[in-house]
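Here is how the chains run, residue by residue.
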Amino acid sequence: MTTTPQQDTQEPVAAEARDTAEAGQSGADRPGSDPRVGGPRGGGSGAWRAGIQRAIRAGSRPEPWKRGPVLAALALLLGLLMLLHARIPDGLKNVGSLVETFLPWFGLFVPVLLALALWRRSASAVVALLLPVTVWVNLFGGVLSDKSHPGGDLTVVSHNVGAGNPDPAGTARDLVASGADVVALEELTEQARGAYEKGLAKAYPYHTVKGTVGLWSRRPLSDTRTVDVAMLGMAGPLAKNLSAEEKAATPRALRTTVATDQGPLAVYVAHLGSVRVNPRAGLSTSQRNDGAQRLGKAVAAERNERVVLLGDLNGTTDDRAFAGLTSQLRSAQETAGNGFGFSWPAAFPVVRIDQILVRGVKPQSSWVLPDTGSDHLPVAARISW
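Predicted model, so just to flag it, every value in this text is computed and none were measured.

Of all hydrophobic cores here, the largest spans 20 residues; its most connected members are Leu215, Val308, Leu310 and Ile356. Elements that contribute at least two residues to this core include exactly strand S1 (154–160), strand S2 (182–186), strand S4 (213–217), strand S6 (253–260), strand S7 (263–271), strand S10 (307–312), strand S12 (354–359) and strand S14 (379–384). Discounting residues that sit within four places of it in the chain, Val308 has contacts with Leu265, Ala266, Val267, Tyr268, Ile356, Leu357, Val358, Val361 and Ile383. The next biggest cluster of nonpolar side chains, apart from the first, holds 18 residues, and it includes Leu78, Val110, Ala125 and Leu129.

Residues of helix H8 (residues 130–140) that are buried: Pro132, Val135, Trp136 and Phe140. Angularly, the buried residues of H8 cover 100° about the axis, an arc narrow enough to put them on a single face. Away from the buried face of H8 by more than 90 degrees, exposed residues Leu130, Thr134 and Asn138 are located. Residues of H8 that are buried sit in contact with helix H4 (69–83), helix H6 (109–120) and helix H7 (123–128).

A few words now on the side chain of His159. Inspection of the secondary structure assignment puts His159 in strand S1. A polar contact is formed between the side chain of His159 and the side chain of Thr372, at a distance of 2.8 Å.

So, on to the packing of aromatic side chains. Geometry of an aromatic ring pair is reported as the spacing of the ring centres plus the angle between the planes. In total, this model carries six aromatic pairs according to the counting rule given. For the ring pair Trp105 and Phe342, a centre distance of 5.6 Å and an interplane angle of 20° mean the geometry is stacked. Of the two residues, Trp105 sits in the loop between helix H5 (95–101) and H6 while Phe342 sits in the loop between helix H14 (332–336) and S12, which places them 237 residues apart along the sequence. Each ring, one from Trp136 and one from Phe140, has its centre 5.6 Å from the other, and the planes form 55°; the classification is tilted. Here the residue Trp136 and the residue Phe140 both occupy positions in helix H8, the gap between them amounting to four residues, near one helical turn. Taking the relative accessible area as the measure of exposure, Phe140 reaches 5% and is therefore buried. In textbook terms, an aromatic cluster arises when at least three aromatic residues are bridged by ring pairs, as seen for Trp105, Trp136, Phe140, Phe340 and Phe342.

Spatial ordering of the open sheet is given by S5-S6-S7-S10-S12-S11, a layout of six strands whose pairing is mixed. Looking at which strands have only one partner, the edges of the open sheet turn out to be strand S5 (221–226) and strand S11 (330–331). As defined by bridge partners, S5 adjoins S6 across four bridges and the pair is classed as antiparallel. Note on S6: the bridge partner recorded for Ser222 is Thr257. Contacting S7, S10 and S12, helix H12 (residues 286–300) crosses the sheet at an angle of about 175° to S7.

A few words now on unusual backbone geometry. A cis amide bond links Trp344 with the next residue in sequence, Pro345, at an omega value of -10°. As for its position among the elements, Pro345 is in the loop between H14 and S12. The residue Arg121 is not glycine, and still its phi comes out positive at about 55°. Relative to the helices and strands, Arg121 is located in the loop between H6 and H7. Of the residues examined, Arg121 reaches a relative accessible area of 64% and is grouped as exposed.

Procedures and definitions
Residues numbered from 1 in each chain as written. Predicted model: local features only at pLDDT ≥ 70, side-chain atom pairs only at ≥ 80, totals over all residues. Heavy atoms only, no water. Core = buried A, V, L, I, M, F, W, Y, C linked by side-chain atoms within 4.5 Å. Buried < 20%, exposed > 50% of the residue type's maximum accessible area, 1.4 Å probe, protein only. Helix = DSSP H or I, 4+ residues; strand = E, 2+ residues; numbered from the N terminus. Contact = heavy atoms within 4.5 Å. Arc of directions from axis to C-beta. Polar contact = N/O pair within 3.5 Å; in protein donor to acceptor, adjacent residues only side chain to side chain. Phe/Tyr/Trp six-rings, centres within 6.5 Å; stacked < 30°, edge-to-face > 60°. Pairing = 2+ DSSP bridges. Axes fitted to C-alpha atoms, helices over the stretch in contact; angles between N-to-C directions.

Keep in mind these numbers describe shape, not what the thing actually does.
What follows is the structure in structure tokens.
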């Protein structure tokens, strides 16, 4: 077939156009290429934008938001439980006090729910977890920082030495080694009292004991008296060998005055009633709560502006039962401690029921001492004027 010169010219031009188009398409398909610039340069920004677009498309699809409605509901319930803990009624087996006692531990449910939400790829559950995270950080975030300061005028220690402590003499040596100026002991027994008096006598020439609580001091003591915390129906290890009359007559709190270079300091030592957990009756706190109210009234009537309360209160400062005390006194651990300062049980502390509360003095530092053989850890604080 005969071709004209015009056809001969058009065919090479068409072939060249096809080759150029194919080369451009091939270059666009190569990883890292950017069709706008015709080569690999600029491919990073293009891939980033593509990733963002894919994420937006994935998030806009209804499936991730429809997955895990139960997980999302549990996350919201957890957040509301922590946020509204003070409004949980105590009438039903004292569940309100139980929640407040272990309130910091509710934060452990957050990583569990987060792991389940990621496993289910549930966007709604992940977003719902923002509520409990925010509430927990607001409640306890500040506790995790170190608020201690150097210095101080007086070091105080409180320790429930344990009625079943196998080595009271060793516990006394550990307390002397702490270097404290004032040491409060709770859960003293008649059998172990002599060992503590002997072990602490050299370091602490002044001491007083009322029932099952006592105070040892490097400074003179005066104006000591028993504080009635209404321990009728006393229970626990201290009550095993006591008659009903002895239980009612055994003091569990005292008040004394410690002479310091800065003036008199009123010191209270208390061991409030034990808390019992019964599957049928729930959390039994009536004796402790009654004792806390009476102790709060005694502190309110205290004329000395400088007050320190040392003792095993069998509850945390988050518990509503101690509102009468926490409204007047502040916690040394929360003010000048580092962390939660858990003190019980000694083998694996999960809660702080041993407290140092103050008024009219400034906590400089607060900490927990090592195990002494008791089921409680000693707690310590350094205060200044």
